[in-house]
Structures are given as structure tokens and as C-alpha cells.
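Architecture and fold: a report
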Amino acid sequence: MENVDYIIVGDGYAGLFFAHQLIKNNKSFVIFSEGRKSASQVSAGIINPVVLKKFTTFWKAQEQIDFLKTSLKEIESYTGKNYLIESPIHRIFHDENEQKLWLKKSENEELVNFLDKNFGHLNVVKNDFNSGKVNQSARLDVNGFFTGLFSFLNEREQFINEKFDYTQLNASDSTYRNFNFKNILFCEGMGVKDNPYFSNVLVNPNKGHQIKVKLSQPIPENITIKKKHFLFPINDGLYFYGGTYDREQLHHHIDETAVEQLIKGLSEFYPYDFEVEEVNFGFRPTVKDRRPIIGRHPEHPNLYVFNGLGARGILNGCYFSKSLYDFIEENIPLHEEVSLARFE
Ligand SMILES: Cc1cc2nc3c(=O)[nH]c(=O)nc-3n(C[C@H](O)[C@H](O)[C@H](O)COP(=O)(O)OP(=O)(O)OC[C@H]3O[C@@H](n4cnc5c(N)ncnc54)[C@H](O)[C@@H]3O)c2cc1C
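Residues numbered from 1 in each chain as written. Predicted model: local features only at pLDDT ≥ 70, side-chain atom pairs only at ≥ 80, totals over all residues.

- The name an unreviewed UniProt entry gives the protein chain is Glycine/D-amino acid oxidase, with Chryseobacterium wanjuense as the organism.
- Within the UniProt record for the protein chain, the comment given under Sequence similarities (unreviewed entry) is "Belongs to the DadA oxidoreductase family."
- Heading Cofactor (unreviewed entry) of the UniProt record for the protein chain holds this comment: "FAD". (UniProt positions renumbered as here; feature names shortened; annotations may be inferred.)

What follows is the structure, given as C-alpha cells:
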């Protein structure tokens, strides 16, 4: 038998940011990956402290941004790569009213550090009413992040490329096949519905599509444009545009209406030709009250869940992995707002 402090099930943002906490604290662990492209891997990588529909912010936004930036530096120290792309979001205004609202909100104490008062005009794309810059916003190099961490964990033989089989888990003996574990953490995103221990966790899928496009006329390189969805350059001369939101069409293949919605959205502000090269989709694990779900199994105290990261997998995953770690290892209570116990 192999003794480990933790088994992590799931290799998206929840699993990897928790793995980072374990690496930092010298805990032994293995992580199970069923080898499917997770929602995290198809995500845009946007790190954004502002809700761009209404120009509001959210719970602990500044703390979350600061913590993420520190954590990415720590991850860089052992994988050798920087995954933070400092390309701020420029939100294209629809009309003068939006400009006025932005300026008014930028006086607000909570938003003063995020909403830049100086509007800018963007080249190439249509922006008759200019655009507002979100200070402190950035992007994660999604592909680099997963490639870097997967290969780091592979080298240390901690990455198990295999679907976790719940029938082989013996929770009372704390064993799974040839592993003796202290704790096991389930981070399967929407896959949690197949987990007999946590299948009743109240997460709902929100399907998101994104497209990768070839633009005939390049847009500025060092920014992220937001109009309906996000547009920014990725590798090989391609650009990312997305993602959509859909709670109804939840089948496991591409939805053509979502692709049409993306093409229409992009055409509205990009006046040149473009070609769609790739379409991807994933399922965001969302919660009614828009807060993650973290907690301990009521009957098996060595089983934990980390889910419900919603549309903000990067900020939520990074920040709350520390709350969960402190809860398990230091007995520090979880915030009521994110605790699994709030549903009991
Ligand atoms: C199109 C789109 C764009 C998005 N853009 C952004 C963005 O810009 N910024 C942002 O912060 N968030 C974004 N999100 C949201 C973000 O992707 C999610 O919040 C996040 O992916 C959830 O992470 P997770 O780790 O909980 O789940 P997932 O990413 O779904 O990962 C769970 C993993 O567990 C694996 N798994 C499940 N069961 C098992 C098993 N039995 N054995 C082994 N492995 C298993 C799954 O295969 C999967 O790989 C976006 C989402 C979508 C769909």
C-alpha cells in the first residue's frame, strides 16, 4: 500500500489550485484525471474583478485578485513558467448612458480601483462610444497553466491518468485500491453527479461555447476586448471569442445556435472577414446563490467536496482552495456563504 495525505479527484481549477496548497505545505498526494478536456481547459482565462453588465463588483474581489497573483508567482517558482498575461479588459460601450454609468460607478469606493476613468478608442474594431479599461484585470494562459502543472505532477509521479472508480473506495478504511489516504477531495465539476457520496450537491450545469477564429485584420495584441463576449489573441495567429451561457441545451455535442450567436456577436463589432477554425464547449458548475460549495461529508469525515466555481473558476478556485486547506488542516471554520452546510 502507498500512504498519501490526500487523493484529489478531478484535474480542473479546483483540483489544481488545491494541489498547489498541498505542494506549498509539503503534503503528499496523487491526483486522478480521467483525461477529458475539462471546463477549465476550455475556459477563456479571464481574471476580472468587475461584473461587466452592470458595472458592479463582487464578494472579496480585491482579496481574490491579490491572492491569485501571489499564488501564480508561487506556482511559477516550481514549474518555471509565468502564466499571468497582463492584458487588461477593454469594455466597449454601447451608448452614452453606459459611459455615464461607468463614470458614476467609478466614484464608488468598491470600484474606484477597478474602473478606469479615462476612456480609450480602440483600433480596428467598432467602438463609436469608446471603451472603458478594467484596472487589475488580466488573463491566465490557460493552455500553459495546464500543460505546465500536468507535466510537473507527471514528473513527480503524482498524476494518475485514470477515471476514479467510486466502487473501489472504502471510506471507513480510508483506502482506494493500493492507496491509504488521510483525506480525499472531490473536485469533479459537473462530474460530481456520478459521485455516490456527493451526488446531491446542488450544482447546475451552465453550458458555454467558445470559438477560435482567424481574423483577416489583426486586433491590438496586448488587450482583451469585451463586447457581448471576450475577444483576445491566443497562439498560432488565432483569436478566442466566447463564451456563451446556456442552461437549457445540455447535450454533449456542439450546439449550432450557440456558434451562430458567437459569429453574430463578433460580426457586430469586428467589421472584417474572419473564419471559425475550432469550436469547444464545457459545463460550468453553477450554484443558485453564486457561491462555491466546500465542505466535509456528514458521515465520512475524511471525504471533502470542492465545487460550484461557476463562471469564475480561476478566482474562486484559487482563493477558496486555501479556505478549504485551512479548514481541513487547521480547523479554521469555513465562511458560511461557501460552506456545504448552508444547504443542510
Ligand atoms: C466556455 C467557458 C468559458 C469560461 N471562461 C472562464 C473565464 O474566463 N474565467 C474563469 O474564471 N472561469 C471561466 N469559466 C468557468 C470555469 O471554467 C469553471 O468555473 C471551472 O472550469 C470549474 O472548475 P472545476 O475544477 O470545478 O471543474 P472542471 O473544470 O469541469 O474539472 C473537473 C475535472 O474532473 C474530471 N473528473 C470528473 N470525474 C472524474 C473521475 N471520476 N475521475 C477522474 N477525473 C474526473 C473531469 O474530467 C474534469 O476534467 C468558463 C467556462 C466555460 C465553459
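1. Description of the overall build of the protein chain
- Each helix and strand in the protein chain was counted, giving seven helices and 20 strands.
- Since a compact globule built from 344 residues should have a radius of gyration of about 20 Å, the 21 Å found for the protein chain is in line with a globular shape.
- Taking all contacts inside the protein chain whose residues are at least 6 apart in sequence as the whole, residues at least 24 apart take part in 72%. (Helix = DSSP H or I, 4+ residues; strand = E, 2+ residues; numbered from the N terminus. Rg over C-alpha atoms; globule rule 2.2 N^0.38 Å. Contact = placed C-beta atoms within 7 Å.)

2. Focus: the sheet that holds strand S3 (residues 46-47)
- Sheet architecture is open: three strands sit in the order S3-S9-S6, paired in antiparallel fashion. Where the open sheet ends on each side, the last strands, each with one partner, are S3 and strand S6 (84-85).
- Of the pairings in the sheet, the one linking S3 to strand S9 (residues 138-140) comprises two bridges and is antiparallel in character. For Ile-47, the partnering residue across the bridge sits in S9 and is Ala-138. (Pairing = 2+ DSSP bridges.)

3. With respect to the site of the ligand
- Taken together, the neighbourhood of the ligand is formed by 40 residues, with Gly-12, Gly-189, Gly-191, Gly-243 and Gly-313 sitting nearest.
- Elements with a minimum of two residues in the shell around the ligand: helix H1 (13-24), strand S2 (29-33), helix H2 (39-42), strand S14 (204-215), strand S18 (274-286) and helix H7 (313-330).
- Looking at the shell around the ligand, its residues break down into 15 nonpolar, 18 polar and seven charged. (Near = placed C-beta within 6 Å. Nonpolar A, V, L, I, M, F, W, Y, C, P; charged D, E, K, R; others polar.)

4. Quick notes on the UniProt feature "domain: FAD dependent oxidoreductase" (unreviewed entry) in the protein chain
- Sequence positions flagged by UniProt for "domain: FAD dependent oxidoreductase" (unreviewed entry) are, in local numbering, residues 5-321.
- Across residues 5-321, helical content stands at 26% and strand content at 29%; the span's end C-alpha atoms are separated by 16 Å.

5. A short note on the environment of Glu-96
- Relative to the helices and strands, Glu-96 is located in helix H4 (residues 96-105).
- On the neighbour-count criterion, Glu-96 (9 C-beta atoms within 10 Å) is exposed.
- Along the sequence, Glu-96 and Phe-145 sit 49 residues apart, while their C-alpha atoms lie 39 Å from each other. (Buried ≥ 20, exposed ≤ 12 C-beta atoms within 10 Å, placed from the backbone.)

6. What to know about helix H5 (residues 142-155)
- Across its 14 residues, H5 extends 20 Å between first and last C-alpha, which sits within 8% of the 20 Å expected from 1.5 Å per residue.
- Buried residues along H5 sit against H1, S2, H2, helix H3 (61-79), S9 and strand S10 (159-161).
- Of the residues flanking the end of H5, it is Glu-157, one or two places downstream, whose phi is positive at about 55°. (Expected span 1.5 Å × (residues − 1).)

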